[in-house]
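# Coordinates in review
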Amino acid sequence: MRGRVLIVDDDESLCDTLAVVLTKKSFACRWTTSPVEALEILRADEVDVVLTDLNMRGMNGLELCERIVGNRPDVPVIVITAFGSLETAVAAIRVGAYDFITKPPEMDALEVALARAVQHRRLRQEVKQLRHVVEESSRRGNLLGTGTAMRAVYDLLDRITESTTSVLITGESGTGKEVAARALHERGPRRRAPFVAINCSAGPEALLESELFGHVRGAFTDARSALTGLCVQANGGTLLLDEIGEMPIALQPKLLRALQERTVRPIGGDEEIPFDVRVIATTNRDLRARIDEGLFREDLYFRINVIHLEMPPLRARGGDVLLLAQHFIELQSARERKRVTGLSPAAAEKLLAYHWPGNVRELQNCIERAIALTRYEEIAVDDLPEAIRAYKRSHVLVASDDPSELVPMAEVERRYTLRVMEAVGGNKTLAARLLGITRKTLYRKLEQYGAASGSE
């Protein structure tokens, strides 16, 4: 069924004819010759679009349209009349009509108008539902999503919000690890205290140590004044150790001691300064693999990994892609003061099919670009980046009996290995586990394929 149409016209034979034709075009039709009865039907039943004649006895189409717009603004009204003129069209639009066509209608044009009206109503309903989801997300620190993967995230967040224990949040770049960390802070008992974040991969070891623990005046050449470290700045609140998997190995035992003792000694200082923080660490690395390679301390890993939260990649979140896209459309269109209401069906299909290696961050950039380029109220396929427009999923298929189209086993293995690497976002440890081989064997194969890059 393409939509539920209510036909209103005092010509009974025309109503019957329109209903028969539109039913064949997969619309569910109901008709009446009484505008008053039409209002009663709208009060009792669900209707997607009203198709009404203009000149009728008792109540004309403009009056009926005005009544419908006042009582059921969610139902679009198409006015149809034999007396087509610019003045009549303007009058119909002024009372809130969605469209205006002349009688006798050209059936293909009427079909298109009804389909557009039905789509318009459904879009309005989706936007209304989205606003509810967005309102709900504000209570989750702006985390958006209704799928199974995100419900698991919400469940864990709800269970640990009031706790002060350390949390390790893992996931690919762009999955919203910091958003989840902020949600924990903003909903927890420390929400009125500072939320302080430090990027553990930014800068040399000495600078990172100074930022974390602080220094006294004269501790080194450029220390012209004392600096309070971020551990102490976050006192009473939350300390986010972003990308902790990149922290220099020499600094890790100093951080471990600080977290165990809950005191820090500024560089060049003599006194220990106590601090009280909730520690949240994030990483897109496989810390177990880093431990095996001697790049991360196991004792620090156990200190920060009291509770583990895995943020799912966008490609594993199904329809959340469209929910997030609509959210970003609202934000960016308001920022650009440009009327863009949503996605065309074809553009939505492209977003759902794409594998999103850059996750939510890539989707946000995609929508920002599309808003800048589009000339319409809906984002079209041509407004999307080339990588998304041209993307085709890679599959390993044996679907031919023609020997010339078949490939050697080594090529099948290559394609499947690369497909698994794509599916896990380049995580070699997880890929090796899925393939049933060691990481060393996987490294060797990827080097042979010229695809050795990727996360650990």
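All figures in this text were calculated on a predicted structure; none of them were measured in a lab. (Residues numbered from 1 in each chain as written. Predicted model: local features only at pLDDT ≥ 70, side-chain atom pairs only at ≥ 80, totals over all residues. Heavy atoms only, no water.)

### Some thoughts on the overall build of the protein
Our working definition: Working definition: helices are DSSP H or I runs of at least four residues, strands are E runs of at least two. Numbering for both runs from the N terminus. Radius of gyration here is computed from C-alpha atoms only, and the compact-globule reference equals 2.2 Å multiplied by the residue count raised to the power 0.38. Relative accessibility under 20% of the residue-type maximum defines a buried residue, over 50% an exposed one, and the middle range a partly exposed one, all with a 1.4 Å probe and only protein chains included. Any two residues whose heavy atoms approach within 4.5 Å are treated as being in contact. The accessible surface values rely on the Shrake-Rupley method and a 1.4 Å probe; as for residues, cover is taken only from the protein chains in view. Here Asp and Glu are counted as negative and Lys and Arg as positive; His is not counted, and neither are the chain ends. In plain terms, the charge of a residue is placed at NZ if it is Lys, CZ if Arg, CG if Asp and CD if Glu.
In terms of regular secondary structure, the protein is built from 19 helices and 16 strands. On C-alpha atoms alone, the protein measures out to a radius of gyration of 30 Å, which is more than a quarter above the 23 Å that the 2.2 N^0.38 rule sets for 456 residues. Here the protein holds 456 residues, and 44% of them are scored as buried. The long-range fraction of contacts in the protein, counting pairs at least 24 apart against all pairs at least 6 apart in sequence, stands at 69%. Surface summary for the protein: the accessible area is close to 23400 Å², and the carbon and sulfur share equals 50%. For the protein, the centre of its 61 positive side-chain charges and the centre of its 65 negative side-chain charges are spaced 4 Å apart.

### Section: the nonpolar core
In summary, soluble globular proteins display a tendency toward joint burial of nonpolar side chains. Selection criterion: By nonpolar core is meant a set of buried Ala, Val, Leu, Ile, Met, Phe, Trp, Tyr and Cys residues that side-chain atoms within 4.5 Å join together.
Among the nonpolar cores identified, the biggest contains 30 residues, and Leu212, Leu239, Leu241, Ile244, Phe296 and Ile304 are the most heavily contacted of them. Put simply, the parts of the chain that give this core at least two residues each are strand E7 (195–199), helix H8 (205–213), helix H9 (230–233), strand E10 (238–242), helix H10 (252–261), strand E13 (278–283), helix H11 (287–292) and helix H12 (298–304). The greatest single-element share of this core, amounting to four residues, is contributed by H10. Setting aside its immediate chain neighbours within four residues, Leu241 contacts Ile198, Cys200, Leu212, Leu255, Val279, Ile280, Ala281 and Thr282. Formed by 24 residues, the second largest nonpolar core is a distinct cluster that contains Leu144, Val321, Ala348 and Cys366.

### A short note on unusual backbone geometry
Even without a glycine there, the phi angle at Glu243 is positive, about 55°. Its location among the elements puts Glu243 in the loop between E10 and H10. Judged by relative accessible area, Glu243 falls into the buried class, the value being 14%. Positive phi outside glycine occurs at Arg337, with the angle close to 55°.

### A closer look at the pattern of salt bridges
Going by this rule: Think of a salt bridge as a Lys or Arg side-chain nitrogen and an Asp or Glu carboxyl oxygen that are within 4 Å of each other.
For the structure shown, the criterion picks out 29 salt bridges. Residue Arg297 pairs with Asp299 through a salt bridge whose shortest N-O separation is 2.7 Å. Under the relative-accessibility criterion, Arg297 is labelled partly exposed at 31%. According to the relative accessible area criterion, Asp299 is partly exposed, its value standing at 34%. The partner of Asp320 in a salt bridge is Arg317, with the nearest N and O atoms 3.3 Å apart.

### A few points about the sheet that holds strand E5 (residues 99–102)
Applied cut-off: When DSSP finds two or more bridges between a pair of strands, those strands are recorded as paired. Interaxial angle, 0 to 180 degrees, is taken between N-to-C directions of lines fitted to C-alpha atoms, where a helix line uses only the stretch in contact.
Here five strands make up an open sheet; going across it, the order is E2-E1-E3-E4-E5 and the pairing parallel. The open sheet terminates on both sides in strands that have one partner only, identified here as strand E2 (27–32) and E5. Taken over all neighbouring pairs, the strand axes of this sheet differ in orientation by 20° on average, direction set aside. Pairing analysis gives four bridges linking strand E1 (residues 3–8) to strand E3 (residues 49–53), with the strands arranged parallel. The partner of Leu6 across the bridge, within E3, is Val50. Sitting on the sheet, helix H2 (residues 35–44) touches E1, E2 and E3, and the angle it makes with E1 is about 155°.

### Describing the pairing of E3
Threshold: A crossover counts as right-handed when, viewed with the strands pointing away from the observer, the path leading from the first strand over the helix to the second turns clockwise.
In terms of burial, E3 is a largely internal element, five of the five residues being buried. Along E3, one buried face is formed by Val49, Leu51 and Asp53 and the opposite face, lined by Val50 and Thr52, is buried too. As defined by bridge partners, E3 adjoins strand E4 (residues 77–81) across four bridges and the pair is classed as parallel. By the bridge assignment for E4, Thr52 is matched with Val79. In the classification by handedness, the crossover that spans E3, the intervening helix H3 (residues 61–71) and the parallel E4 is right-handed.

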